[in-house]
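Architecture and fold: a report
Single-letter residue listing:
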Amino acid sequence: MVRHVLSPQGPAAAVLKRVDRPVLVAFCFILALIFAGSAYFPQVLTATYLLQQLQIASFLGVLATGAMLVILLGHIDLSIPWTFTGAAIVATALAGIEGTGPLALAAVPAGLAFGALVGLANGLGVAYLRAPSMIWTLGMNALILGISVFYTGGFAPTGAPTEFMRAASVGRAVLDIPNAIYVWVILGVTAVFILKLTPLGRYIYAIGNRETATYLSGVRTRLVLVFCFVWAGTCSAVGGMLLAGYANQAYQAMGDPYLLPTIAAVVLGGTHILGGRGTYSGTVMGVVLLTLLSSMLSVMQMQEAGRQIIYGGVIIVMLLVYGRGGKIQG
Amino acid sequence: MSDRGGADAPFLEMVGIAKHYGGVHALQDVDFACRRHSIHAVLGENGAGKSTLIKIAAGVVRPDAGTMRLAGEEVRFATPPEAMRQGIVCVFQELSLVPDLSVADNIFITQPPGKWGFIDRRRQRRRAEALLARVGCEDIDPLERARNLPLSRRQLVELATALARDPKVLILDEATSALTARDVDAVFRILRELRDEGLAILYISHRMTEIEAIADTCSVFRNGRHIETFPQADRSRDEIVHMMIGREISQVYPPKPAAATNGTPSLEIENLTWQDRLRDISLTAAPGEIVGLGGLDGQGQRELLLALFGALRGVRGTVRIDGRRARIGSPAQAKSTRNGIAMIPEDRKTEGLMLPMSVRENLTIAGLSKMMRHVVIDPRREGARVDELVERLNIRVGNVRDAVASLSGGNQQKVVIAKWLVTEARILLLMDPTRGIDVGTKQELYGLMRQLADEGATILFYTSDYDELVGMCDRVFILYQGAVQHVFAGAEISERNIVRASLNLSLEDVSEDAAG
Amino acid sequence: MSGLLLHLRQNYGAVLAITIFVILFVVFLSLHPRGPSVYVMTTASNTGAALAFVAMGQTLPVLTGGLDLSIGSILALCNALASEVVNGSPERVALGVVLVLLTGLACGLINGIVVVYGRIQPIIATLASGAVYTGLALLIRPIPGGEIDDVLSEAMTYETFGVIPTSLLLIVAVVLLIWVPFKNSVLGRGVYAAGSSEVAAYMSGVRVDRSKLAAYSLAGLFAAIGGLFLGFQTFSGDALIGVPYTLNSIAAVVIGGTSLYGGIGGVIGSIFGAYILRTINGVMFFAGAPPLAQPLFEGIILLGAVALAALRVVRIRNRLEVMD
């Protein structure tokens, strides 16, 4: 009755073994999407289209880069939407008071500071009050929403992005590649550097696996928690300001449609929602996959209703394919 | 009920059972049988296959090969409830009570009194009271949450839970480990009654004295194989131990140094107090010394070590390290070069290790600062350090990139200890480090402890095993209700003295006894 | 007998929620220009009813140690569906109500299946299924509108016997007819067991799978009742009406004393949690706070409630106890 599981042999298998299964599956899905799409719309296979998609993906990518570190800890940041919106409102408002000059120069730093501050509040609540991150960050989200509604009187916020924000989002400084992609790459490389090479990265994975053991190994776990939330808040702010630059304005609830895709991109990329496992390459795959999917749906002129259904359905199906947790065993 | 022929025929029979996890054979071609009207002890080191065997019998684990017969009929269990319905009920080593349910809910968790899936709470409560009385827990309110009971009471409630299921085969896996001697006597009384009623009882324990007291039959397992089954009285304790480990153990404990070091103490504790769990504890320890913490379970020994490691808040009193006043507000401060403290926590699986992470990552988590190149971890230095530790502690591991969960218990514990060798800790706090570890590895750990002490480490060693205190320690502090009750040194350290002091018997009693 | 004391101690969270509610409600009545009257009571009862139903629903997955982030979407889907089918002849209305309830139940069951058999973490599974339900709701009702039988609506939102708000009776009926039997069943006890310690529950032979399925299904059913009731209040349907309900239901559950880690709590506390949230809004309104500050105060209250629950942690002196 003893059966040996046949394992694939040879050099190809060796390469496959090194690559995470979720990364591979997501990659295959991406290829399938591109080819299926190109069968109906030939322009899909052009560099222009793909670059444009990458530019759109970079907003999601920046957010997912932040969310991933928090999810690796076994926590979650549900304040993404309004950290995103809030940073955009702060930055455009400062820039709107006077088009150029010191206040406009302070726009981007102020947006970043806003994100970091929200992240700090998230991190302090989770690390020191030990509030469940899900409800704590949800509350933070509600708080920023409340402040923003109160401050803007519920109308569209006034103001405009600075030249720099516009340029960072839609300009093409080098090689005719949109700058937003460079922003994503910079944050992504930083995240990979942290996760792969530094003790901090080791501690993040360790906390995700077992916080008590990490703490008792003499690691300052609370600082690690706070760092990751600040990082996530800052990434959300960067995303918000990029979108404000792209859309040439900030608007209420501009971050709301990004929450599900951000978390889904991280999880579809193979990061375990309970923490401790995941690779950044997977997150990149998840981001590209979801961006392409929603682009295909809009190319097909699908209504909002259909898009939501297909979007949610694809996430569930993909997770059913490979994202399953272990069965409880004694 | 006690029909002779029926009692002699095997009741639960397992033939040709095999089970492997990955490349590890937990059980190989095992034939095993137990009879009704019998208390049958199953013996073996950790990893011998006892746990897997009973998990198969109880339906928790499915065997790779082999058949199981119950009263002559072939059976196959996919889940624990299927085994329970056939009358095979297990009291597991890890407590299986649901903490937030009431005691009554726990006792009747699968078959509550009532109809159509609705619970008759009143009847459930009455029947729970009766069962609690039977296991000697009349004082427990059946409506109390299981979480709020002390460990020993919970273990008795587990037994009541098993009885509620009307077992034909009752399996007890280390079910007495948290009980006091009086509770154990009560449990034995119940077990004998149940045996006389015709149950087949499988009893797994590491305590030889208990087995001698209760078992009719013994089966010894080693390395996943069934070695021998024999009537309990037929073999001496030494023979059984020999059978379990498969080789002679000449000298369990390393020799102590002739004279205890009288050097300046490296660790001085004065009037350490924490809530009502630690009261004015004062203690000193010198480099090269192994200082034991003894006493009954739960007298503040764990809290003392946790306090020294910075894991408790609101600790009062002073701690001096190498003569300097030390501030220890967190484990991170405790392990700093200035303090140089390390702690081996009590539960290695949840407090000592990140189980899904690699052996390598677990070994270096505490000492990454020692293997940096600028701001990044130097993989060459990390690798070299890991290889060195694996070799020095003889950690049996295929690939250091494998998950630490894939190692055996003893080797896991070696990883927990090894990670503190990286930080070059000078003060080691050990919390029951040999619990649940097989005899062979224990001996290696004893050797390592003495070696570290000889190299100049100061060791505080808490263990619940009096034999270890006697064998390993240069001095022993007995704690009672959070205070130091007595200190023994040198030849005074004997099992008898330690037991006496632990029970808070007066010193005259001790000396009289020693005289008599 | 210490039985009552034990009961109070074990339901400390719910007792606290009830106390807070009573105090708040007295303040609310004293501020209200019309003072206590049948009309004011009925309005207050109606205002909180939909959230109370959704909060009851949210309680069940939370008790299993999970969460339902699709619950607002289920409410919206059922609300949108109701605006299509709960109108016309009395038979059609009755059939429509049953259809709406079954839809909610089915949505919940699907969540349960994905979580239990798909073994996908509840957060992500229900976040995704919520998108699907929102899509379906938009399909049924792309723009707000439709029609809901006004006879039934008025019956449900007025008083019974002229004094008791019908919505209150509805809540009591749901508690007595669904929750109490469920809690006293093997299935319901399994919900608590699964949230308290899934491994221990499994080892003890609890059918954890069935209990979780039941918990998510009932969550869907309760959300459907909530969606239906919203329809009774507005006589119409809106596919996007559910957005704030997910967050508020979780807030109500937490305020009601149910542990987000599972195993402890119950729907009674959640009902009062929901009414606490709604009463605070009322108090602020009559106290003259600007309406634009409403969302801000909601955020502050939620954070405050969580922080208050977290203060317990500050008292714990063994740092290891607050981890995991």
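All of these numbers come straight from a predicted model, not from anything done at the bench.

Right, let's talk about the overall build of chain B for a bit. The helix and strand tally for chain B stands at 19 helices and 22 strands. A compact globule built from 516 residues should have a C-alpha radius of gyration of about 24 Å, and chain B, at 25 Å, falls within 12% of that. Along the first, second and third principal axes, the C-alpha atoms of chain B reach 75 × 55 × 50 Å. The buried share among the 516 residues of chain B stands at 54%. In chain B, the share of contacts with a sequence separation of at least 24, taken over all contacts with a separation of at least 6, comes to 65%. Of note, chain B has its 66 positive side-chain charges centred 6 Å away from the centre of its 70 negative side-chain charges.

Moving on: the sheet that holds strand β13 (residues 290–294) of chain B. All names here are of chain B. Spatial strand order, β16-β19-β20-β13-β21-β22: 6 strands in an open sheet with mixed pairing. Edge strands, defined here as strands with exactly one partner in the open sheet, are β16 (341–344) and β22 (483–489). For this sheet the average axis-to-axis angle between neighbouring strands, irrespective of direction, equals 20 degrees. In terms of strand pairing, strand β21 (residues 475–480) meets β22 through 6 bridges, oriented antiparallel. Across the sheet, the residue bridging to F477 is V487, located in β22. Most of the contacts of helix α18 (residues 495–502) go to β22, to which it runs at about 165 degrees, and overall it touches β21 and β22.

Let's shift gears to unusual backbone geometry. All names here are of chain B. Of note in the backbone geometry, D322 takes a positive phi value of approximately 50 degrees without being a glycine. Turning to its location among the elements, D322 is positioned in the loop between β14 (316–321) and β15 (324–325). Residue D322 is classed as partly exposed on the basis of its relative accessible area, which comes to 41%.

In this section: the side chain of S211 of chain C. All names here are of chain C. Residue placement: S211 occurs in helix α11 (residues 208–234). For S211, a relative accessible area of 1% translates into the label buried. Discounting chain neighbours no more than four positions away, the residues touching S211 are V186, L187, G190 and V191.

Time to look at the pairing of β13 of chain B. Residue and element names in this part refer to chain B. Summarising burial for β13: 5 of the 5 residues are buried, a large majority. Side-chain alternation along β13 places I290, G292 and G294 on one buried face and V291 and L293 on a second face that is also buried. Across 4 bridges, the pairing between β13 and strand β20 (residues 458–462) is parallel. Looking at the pairing, L293 lines up with Y462 of β20. Relative to β21, β13 runs parallel, the two sharing 4 bridges. Looking at β21, one finds that V291 is bridged to R475.

Another aspect to go through is the interface of chain C and chain B. Facing 33 residues of chain C, the contacting portion of chain B comprises 39 residues. Here chain C and chain B share an interface that buries about 3100 Å² over both sides, 54% of which is from carbon and sulfur atoms. The interface formed by chain C and chain B holds 1 salt bridge in total. Note that R189 of chain C and D105 of chain B form a salt bridge whose closest N and O atoms lie 2.8 Å from each other. Summed over the shared surface of chain C and chain B, the number is 9 residue pairs in polar contact (both at pLDDT 80 or more). Considering each element in turn, the side of chain C that touches chain B owes the most residues, 5 residues, to helix α9 (residues 186–196) of chain C. Taken together, the residues of the side of chain C that touches chain B sort by class into 16 nonpolar, 11 polar and 6 charged.

Interfaces are often sized by the accessible area lost when the parts come together. Taken together, the contact between chain C and chain A spans 48 residues of the former and 50 residues of the latter. Scanning the region where chain C abuts chain A turns up 0 salt bridges. In this structure, the connection of chain C to chain A is made through 0 residue pairs in polar contact (both at pLDDT 80 or more). Secondary structure elements with two or more residues in the side of chain C that touches chain A: α6 (122–140), α10 (198–203), α12 (243–255) and α14 (294–315) of chain C. Its residues assigned to classes, the side of chain C that touches chain A shows 38 nonpolar, 6 polar and 4 charged.

With that settled, consider the pattern of salt bridges. The tally for this structure, following the rule as stated, stands at 29 salt bridges over all chains. Between R202 of chain A and E382 of chain B there is a salt bridge, with its nearest N and O atoms 2.8 Å apart. Residue R202 of chain A is located in helix α10 (residues 199–209), and its partner E382 of chain B is located in helix α14 (residues 379–392); the two belong to separate chains. Among the residues examined, E382 of chain B registers a relative accessible area of 2% and is labelled buried. One salt bridge in this structure joins D64 of chain B and K19 of chain B, with 3.7 Å as the shortest N-O distance. With D64 of chain B in the loop between α2 (50–57) and β4 (65–70) and K19 of chain B in strand β1 (residues 10–21), the pair connects residues that are 45 residues apart, well separated along the chain.

This part takes up the sheet that holds β14 of chain B. Residues and elements named next belong to chain B. Pairing in this open sheet of 4 strands is antiparallel, and the strands run β12-β11-β14-β15 from one edge to the other. The open sheet terminates on both sides in strands that have one partner only, identified here as β12 (278–285) and β15. As defined by bridge partners, β14 adjoins β15 across 2 bridges and the pair is classed as antiparallel. Counterpart to I321 in the pairing with β15 is R324.

The subject of this paragraph is helix α3 (residues 38–63) of chain C. All names here are of chain C. Given a rise of 1.5 Å per residue, 26 residues ought to cover 38 Å, and the 35 Å separating the end C-alpha atoms of α3 matches this to within 8%. Among the 26 residues of α3, 21 are classified as buried, and the element is accordingly described as predominantly covered. Looking one or two residues beyond α3, the residue adopting positive phi is G65, at roughly 90 degrees.

For the rest of this paragraph, the subject is the pairing of strand β7 (residues 169–173) of chain B. Residues and elements named next belong to chain B. Counting buried positions along β7 yields 5 of 5 residues, so the element is predominantly enclosed. Neither face of β7 is exposed, since V169, I171 and D173 on one face and L170 and L172 on the opposite face are all buried. As paired elements, strand β6 (residues 88–91) and β7 share 4 bridges and run parallel to each other. Across the sheet, V91 pairs through a bridge with L172, a residue of β7. Where β7 and strand β8 (residues 200–204) come together, 5 bridges link them in parallel fashion. The residue of β8 that forms the bridge with I171 is L202.

Let us now look at the environment of L363 of chain B. Residues and elements named next belong to chain B. The topology assignment puts L363 in helix α13 (residues 359–364). With 218 residues separating them in the primary sequence, L363 and R145 have C-alpha atoms 39 Å apart. Not counting residues within four places of it along the chain, the set of residues in contact with L363 comprises V386, L389, V390, I395, V415, A418, K419 and V422.

All names here are of chain C. Contact geometry for helix α8 (residues 166–183) and α11: axes closest at 13 Å, N-to-C directions at 170 degrees. Between α8 and α11, the angle falls in the class roughly antiparallel. Packed against α8, whose contacting residues are S167, L170, V174, I178 and F182, the element α11 presents A214, L218, L221, F222, I225 and F229 at the interface. Across the contact of α8 with α11, the residue classes tally to 10 nonpolar, 1 polar and no charged.

Here the focus is the confidence of the model for chain A. All names here are of chain A. Summing up the model confidence of chain A, the mean pLDDT is 82 and the portion of residues at 70 or higher is 89%. Segment residues 1–11 is flagged for pLDDT under 50; beyond a separation of four residues in sequence, or across chains, it makes 6 contacts in the model. A low-confidence stretch, residues 325–330 (pLDDT under 50), is modelled with 10 contacts involving residues beyond four sequence positions or located in other chains.

All names here are of chain B. Looking at where K370 falls in the secondary structure, it is placed in the loop between α13 and β17 (372–373). Residue K370 is classed as partly exposed on the basis of its relative accessible area of 33%. Put simply, K370 and V422 are 52 residues apart on the chain and 7.7 Å apart in space, counted from C-alpha to C-alpha.

Residue and element names in this part refer to chain B. Within chain B, residue pLDDT values average 82, and 91% of them lie at 70 or more. Contacts from residues 1–7, a stretch scored under 50 in pLDDT, to residues over four places away or in other chains number 7 contacts. The low-confidence segment residues 507–516, where pLDDT is below 50, has 7 contacts with residues more than four positions distant or belonging to other chains.

Residues and elements named next belong to chain C. Taken together, the side chains of V38, F161, V163, I164, L168, L169, V172, L176, L177 and V180 present a nonpolar region at the surface, about 900 Å² in accessible area. For the nonpolar patch, the leading source of residues is α8, giving 6 residues. Summarising the element assignment, V163 is placed in the loop between β1 (159–160) and β2 (164–165).

Cut-offs used in this document
- Residues numbered from 1 in each chain as written.
- Chains lettered and ligands numbered in written order.
- Predicted model: local features only at pLDDT ≥ 70, side-chain atom pairs only at ≥ 80, totals over all residues.
- Heavy atoms only, no water.
- Helix = DSSP H or I, 4+ residues; strand = E, 2+ residues; numbered from the N terminus.
- Rg over C-alpha atoms; globule rule 2.2 N^0.38 Å.
- Buried < 20%, exposed > 50% of the residue type's maximum accessible area, 1.4 Å probe, protein only.
- Contact = heavy atoms within 4.5 Å.
- Lys, Arg positive; Asp, Glu negative; His and termini not counted.
- Charge placed at Lys NZ, Arg CZ, Asp CG, Glu CD.
- Pairing = 2+ DSSP bridges.
- Axes fitted to C-alpha atoms, helices over the stretch in contact; angles between N-to-C directions.
- Buried area = accessible area lost by both parts, 1.4 Å probe.
- Salt bridge = Lys/Arg side-chain N within 4 Å of Asp/Glu carboxyl O.
- Polar contact = N/O pair within 3.5 Å; in protein donor to acceptor, adjacent residues only side chain to side chain.
- Nonpolar A, V, L, I, M, F, W, Y, C, P; charged D, E, K, R; others polar.
- Expected span 1.5 Å × (residues − 1).
- Parallel < 35°, antiparallel > 145°, perpendicular 65-115°, else oblique.
- pLDDT = per-residue confidence, 0-100.
- Patch = residues over 30% accessible without salt bridge, like charges linked within 9 Å, V, L, I, M, F, W, Y side chains within 5 Å.
- Areas by Shrake-Rupley, 256 points an atom, 1.4 Å probe, with all protein chains shown as cover.

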